[in-house]
Amino acid sequence: MTESRFIRYLLLSVALLFLGLFLFVPLATVFTRALEKGGDVYWEAIRNPDTWSAIRLTVLASVIAVLLNLIFGVAAAWAIAKFDFIGKNILISLIDLPFAVSPVVSGLIYVLLFGLQGVWGPWLLEHNIKIIFAVPGIVLATTFVTFPFVARELIPLLQAQGTEEEEAAVVLGANGWQTFWKVTLPNMKWGLLYGLILTNARAMGEFGAVSVVSGHIRGETNTIPLHVEILYNEYNYAAAFAVASLLAALALVTLAIKSYVEWKSEL
Amino acid sequence: MSIDVKNLNKKFGAFVAVNNVSFHVKTGSLTAILGPSGSGKSTLLRIISGLETADSGEIHLTGAESTYQSVKDRNVGFVFQHYALFKHMTVAENIAFGLNVRKRNREETRERVQELLHLVQLEGLDKRYPSQLSGGQKQRVALARALAPRPQVLLLDEPFGALDAKVRDELREWITHLHKETNVTTLFVTHDQHEALEIADRILVMNKGSIEQEGTALDIFDHPASHFVAQFVGETNYIEASLCEPELVCWGSFKFSVNGYKMGDKIRIYFRPNDVYVSPTPETLQVKGVITETRFRGPLIELTLDIGEDKFITALIPKGVALASGYKKGEEVFLGITAFHSFRV
Amino acid sequence: MKIQFKKHSVLPGFGITLGFTLLYLSLIVLIPLSGLFFKTSQISWNEFWHIATGERVLYSYKLTFGCSLIAATINMFFGLLVAWVLVRYPFPFKKIVDASIDLPFALPTAVAGIALTDLYSVNGWIGKLLDRAHIQAAFTPLGILIALTFIGLPFVVRVVQPVLQDLDKAEEEAALSLGAGRFSTFFRVILPEIWPAILTGFTLAFARALGEYGSVIFIAGNMPMKTEITTLLIVTKLEQYDYAGATAIAIVMLLVSFALLLTINVLQWWSRSRHTFTTAQELQ
């Protein structure tokens, strides 16, 4: 009850060729080009102080964005999945909104609010607060583009689980916190981890939105992807690919954890 | 440890789930709420537990007003239809949950868990996770978990609904036994009349949010108080007719003595298949019927009888009698009805 | 009858979690987005029309929409093929191949951008081969197409895969037993079932491609009127401190995105209503 052997091999070969061409070859390029000039050049690129400051900024922005969106995701999932109220579907659509917005536009909206010509620009200038072309802008843009990830992961999960276990806990005498910590949280731990790694991967790799708000000041407002761009545009290909290989490795680790979580939560 | 419900009402939008319900459940009794799905029985149970709030009315648990008490403070045991066991906890952790959240001391908790494992006959399975248990075992864990904090009353929502027939029969017997041992006032909801008739001391029959009848299994089976109860509990036949003389209903050659009806009233006569007497000879019987089908039902034989005017009724007779009389399809027999109930339509 | 905002529940924390959700949503998403509309309202309609339909801008729309549409179409066909192969055929390293489908989600766009540029430039592994056939990929619309195909690759696969997995084998077997061939079984039984999912995946890939920036700018060459995509044009205007220009174009992009988001929601609703009508009955 299946296609003939010839058709099967044909379809399989075409599919794998397509994936090879579009996924594996580009990925392999990153690592071969990074190591082409030898280990010394690679380490030199990584150990460069500008690279280090880019790494520090990326980690800082990601940690803040992940934490904020984690708290938000859990709160939103609790409110939306465990209760019935009017306007729930509209709220879910609004949470999805950042997915529909181009990264460039995501950055632009903050420039329009906090930039020099922005709505609150003059006031910020007067009080000597810098948001655009500074770290707060990068954190905001990163938070925006990763906004829906955790919530998106948790809402359907909690909806599918229903409220029976929580009701059972309450009837057995548990208070709100006990119910959340002992029943809801353990039930959503895999979904939470899943959401976290996706948020983190996107946060660390975000380019368009961060590029718009960063100002590209070397050693100050450059994140890893922006640093890659600068090195590449300076024709410093080996260094660009060396730094890019860090992000590619992060992507592979993310995929590995993701697959592990999927496998675990299926059990 | 009694339950008193007074004038309880609950609407969901325009749908009346519970309609002015009042009843009393005696301390230590095992009471069933029997009704078809959508009759409001589960909602009623959830209101008593505090999981749902009533629009109006009162609930007293052990004589104390509980209408506005939080679920936590009511101290009721609740067993959910699909058990709602905590998936990530072992059997022992599930049972201990109600004690742990109340910060009971550890030794006491451990002892109580052992005691309950023994009570529900699941010793040795304490380290298993719910996914490693059969349906019947899960049900017993759910019961043990509900009983652990020593609730005032135990509420069960369709306790055997999700189990297959054989396990259901076993658990039915076991739960009567468990009830005798623990003596906790128990109220359970079911749509299965056999379940209710077999194990409950008292039965509340519910339909469309109202209680239609309250009584023992025998009361309800032998003296149904309404159309609904007559039809819903047990198998029944009915014919619709009116008075042909004062205090006499006639339908074909059937005659039923009744009282309390006026001429012109439409009256329904209900009679159970086992109250239909069948004989191959006329004896003193007036009514004839033709056998259109015979069906084997274990110790009984079910006959479908054509009594004319396109009306078919069923009769249940002991297999021995049926075989001795040699009833066959197409044969003419004589009928009598030994017991019936009448209601105005 | 009083309409209740919220159904009763014994679980606590509704007020605080919903309140926080709304506050955070407003601060991070709604207020900043409305700032864009506020800024646009400061430009006159004529000015807006003039910017949004300028020659260079119009060209960028054509290029962006054209390439995105073609890329999404490519992904529709290959995505269906990949999903089919992953669900139906056994082959070695299947788990790894399956996991790597999400690579374009996980790999930062800038990294994808430089890797693809390197591959397809005249000196690159693939660029060399194409050069021999006198095809230039990097710094042409073809390059943009390649980048957009890369970033849209997972959508159709990931939307179609679960639907294909849940497909009732019995239906297919019924069709076969009734004498339908493999081909007509596919077109008459399988395809109608997975069609909403394919369309959803297509729209998602299309929407993603329209807004893409990072992976394209390296390979595109960014020549005005030749290989300049709309998002790049927004950035260029911003860098020239032409806020009004950037805003006007961004509004156009945003409105298109919202329209697509709406389409996706409708498609998903359609897809769900086909597959889960039984659960509605279970809920009474």
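Predicted model, so just to flag it, every value in this text is computed and none were measured.

## A look at the overall build of chain B
Logical step 1: Scanning chain B from N- to C-terminus turns up 10 helices and 20 strands.
Logical step 2: With respect to the three principal axes, the spread of C-alpha positions in chain B is 75 × 45 × 30 Å.
Logical step 3: For chain B, the proportion of its 345 residues judged to be buried stands at 51%.
Logical step 4: Nonlocal contacts in chain B, meaning residues at least 24 apart in sequence, comprise 65% of its contacts between residues at least 6 apart.
Logical step 5: Accessible surface, chain B as shown: approximately 16,100 Å² in total, 50% of it carbon and sulfur.
Logical step 6: Side chains of chain B carry 40 positive and 42 negative charges; the gap between the two charge centres is 6 Å.

## With respect to the pairing of strand S6 (residues 76-79) of chain B
Residue and element names in this part refer to chain B.
Logical step 1: By the alternation rule, side chains of S6 split into Val76 and Phe78 and Gly77 and Val79, which are all buried.
Logical step 2: When S6 meets strand S7 (residues 153-157), the two strands line up parallel, connected through four bridges. Looking at the pairing, phenylalanine 78 lines up with leucine 155 of S7.

## Points about the packing of aromatic side chains
Logical step 1: Scanning the entire structure with this criterion turns up 43 aromatic pairs over all chains.
Logical step 2: Seen from their ring centres, Phe186(C) and Phe187(C) are 5.2 Å apart, and the 90° between their planes marks the pair as edge-to-face.
Logical step 3: Here Phe186(C) falls in the buried class, since its relative accessible area comes to 18%.
Logical step 4: A residue is classified by how much of its surface remains accessible, and Phe187(C), at 48% relative accessible area, is partly exposed.
Logical step 5: One aromatic cluster is present, formed by Trp78(A), Phe83(A), Phe85(A), Trp177(A), Phe180(A), Trp181(A), Phe5(C) and Phe14(C) through successive ring pairs.
Logical step 6: One Lys or Arg, Lys311(B), reaches over the ring of Tyr238(B) and ends 4.7 Å from the middle of that ring.

## Quick word on the state of the cysteines
Linking two cysteines covalently through their sulfur atoms gives a disulfide.
Residues and elements named next belong to chain B.
Logical step 1: Summed over all chains, the structure comprises one disulfide over all chains.
Logical step 2: The residue that forms a disulfide with cysteine 244 is cysteine 250, at a sulfur-sulfur distance of 1.7 Å.
Logical step 3: Using a relative accessible area of 35% as the deciding quantity, one classes cysteine 244 as partly exposed.

## Considerations on the domain arrangement of chain B
Residues and elements named next belong to chain B.
Logical step 1: The domains assigned to chain B are domain 1 (3-232) and domain 2 (239-344).
Logical step 2: Residue-level contacts link 10 residues of domain 1 with six residues of domain 2.
Logical step 3: In total, about 720 Å² of surface goes out of reach between domain 1 and domain 2, with carbon and sulfur atoms giving 54% of it.
Logical step 4: Of all residues in domain 1, the largest losses of buried area upon contact with domain 2 belong to Phe221, His227 and Ala230, amounting jointly to 62% of the total for that side.
Logical step 5: Our count for the contact surface shared by domain 1 and domain 2 stands at zero salt bridges.
Logical step 6: On inspection of domain 1 and its partner domain 2, the count reaches four residue pairs in polar contact (both at pLDDT 80 or more).
Logical step 7: Those elements giving two or more residues to the side of domain 1 that touches domain 2 turn out to be helix H8 (217-222) and helix H9 (227-232).
Logical step 8: For the side of domain 1 that touches domain 2, the residue count by class is five nonpolar, four polar and one charged.

## Digging into the environment of Glu262(A)
Logical step 1: Its location among the elements puts Glu262(A) in helix H13 (residues 237-266).
Logical step 2: C-alpha separation for the pair Glu262(A) and Gln178(A), spaced 84 residues apart in sequence, amounts to 27 Å.

## Re the sheet that holds strand S18 (residues 312-318) of chain B
All names here are of chain B.
Logical step 1: One open sheet holds the five strands; their spatial order is S15-S19-S16-S17-S18, and the pairing between them is antiparallel. This sheet does not close on itself; its edge strands, each paired only once, are strand S15 (276-279) and S18. Looking at each pair of strands side by side, their axes are set apart by 45° on average, direction ignored.
Logical step 2: The pairing of strand S16 (residues 287-297) with strand S19 (residues 332-337) spans four bridges and is classified as antiparallel. Paired with lysine 288 across the strands is phenylalanine 334, a residue of S19.

## Considering the pairing of S16(B)
Residues and elements named next belong to chain B.
Logical step 1: Here seven bridges tie S16 to strand S17 (residues 300-306), and the two strands are oriented antiparallel to one another. Across the sheet, arginine 295 pairs through a bridge with glutamate 302, a residue of S17.
Logical step 2: Here S16 folds back onto S17 in antiparallel fashion, the turn holding two residues, of which glycine 298 has a positive phi close to 70°.

## Examining helix H6 (residues 165-182) of chain B
Residues and elements named next belong to chain B.
Logical step 1: The end-to-end C-alpha distance of H6, which contains 18 residues, comes to 25 Å, matching closely the 26 Å that a straight helix rising 1.5 Å per residue would cover.
Logical step 2: Within H6, the full set of buried residues consists of Leu171, Arg172, Trp174, Ile175, Thr176, Leu178 and His179.
Logical step 3: Considering only its buried residues, H6 is in contact with strand S3 (30-34), helix H4 (106-119), helix H5 (135-147), S7, strand S8 (185-190) and helix H7 (193-199).

## Quick word on the interface of chain C and chain B
Logical step 1: Opposite the four residues of chain C that make contact, chain B presents eight residues.
Logical step 2: Summing both partners gives a buried area of about 450 Å² for chain C against chain B, and 67% of it is carried by carbon and sulfur.
Logical step 3: At the surface where chain C touches chain B, the tally comes to zero salt bridges.
Logical step 4: Of the residues in the side of chain C that touches chain B, the class split is two nonpolar, two polar and no charged.

## Points about the interface of chain C and chain A
Logical step 1: Facing 87 residues of chain C, the contacting portion of chain A comprises 85 residues.
Logical step 2: Taking both sides of the interface into account, the surface hidden between chain C and chain A amounts to around 7,800 Å²; carbon and sulfur atoms contribute 81%.
Logical step 3: It is Leu11(C), Tyr24(C) and Tyr89(C) in chain C that bury the most area against chain A; as a group they hold 9% of the surface buried on that side.
Logical step 4: Where chain C meets chain A, there are three salt bridges.
Logical step 5: A salt bridge links Arg33(A) to Asp118(C), with the shortest nitrogen-to-oxygen separation between them at 2.7 Å.
Logical step 6: Counting the contacts that link chain C with chain A gives 11 residue pairs in polar contact (both at pLDDT 80 or more).
Logical step 7: Among the elements that make up the side of chain C that touches chain A, the one with the highest residue count is helix H1 (residues 14-41) of chain C (18 residues).
Logical step 8: For the side of chain C that touches chain A, a count of residues per class yields 61 nonpolar, 17 polar and nine charged.

## Here we look at the domain arrangement of chain C
All names here are of chain C.
Logical step 1: Partitioning chain C into structural domains gives domain 1 (13-42) and domain 2 (53-283).
Logical step 2: For domain 1 and domain 2, the distance between their C-alpha centres works out to 30 Å.
Logical step 3: Residue-level contacts link five residues of domain 1 with seven residues of domain 2.
Logical step 4: A combined buried area of about 530 Å² lies between domain 1 and domain 2, and 92% of that area is made up of carbon and sulfur atoms.
Logical step 5: Looking only at domain 1, the three residues that lose the most surface to domain 2 are Leu36, Phe37 and Lys39, adding up to 70% of its buried area.
Logical step 6: The interface formed by domain 1 and domain 2 contains zero salt bridges.
Logical step 7: At the boundary of domain 1 and domain 2, one finds zero residue pairs in polar contact (both at pLDDT 80 or more).
Logical step 8: Of the residues that constitute the side of domain 1 that touches domain 2, the class distribution is three nonpolar, one polar and one charged.

Quick notes on the rules
- Residues numbered from 1 in each chain as written.
- Chains lettered and ligands numbered in written order.
- Predicted model: local features only at pLDDT ≥ 70, side-chain atom pairs only at ≥ 80, totals over all residues.
- Heavy atoms only, no water.
- Helix = DSSP H or I, 4+ residues; strand = E, 2+ residues; numbered from the N terminus.
- Buried < 20%, exposed > 50% of the residue type's maximum accessible area, 1.4 Å probe, protein only.
- Contact = heavy atoms within 4.5 Å.
- Areas by Shrake-Rupley, 256 points an atom, 1.4 Å probe, with all protein chains shown as cover.
- Lys, Arg positive; Asp, Glu negative; His and termini not counted.
- Charge placed at Lys NZ, Arg CZ, Asp CG, Glu CD.
- Pairing = 2+ DSSP bridges.
- Phe/Tyr/Trp six-rings, centres within 6.5 Å; stacked < 30°, edge-to-face > 60°.
- Lys NZ or Arg CZ within 6 Å of the ring centre and 35° of its normal.
- Disulfide = S-S within 2.5 Å.
- Domains from an automatic or database assignment.
- Buried area = accessible area lost by both parts, 1.4 Å probe.
- Salt bridge = Lys/Arg side-chain N within 4 Å of Asp/Glu carboxyl O.
- Polar contact = N/O pair within 3.5 Å; in protein donor to acceptor, adjacent residues only side chain to side chain.
- Nonpolar A, V, L, I, M, F, W, Y, C, P; charged D, E, K, R; others polar.
- Axes fitted to C-alpha atoms, helices over the stretch in contact; angles between N-to-C directions.
- Expected span 1.5 Å × (residues − 1).

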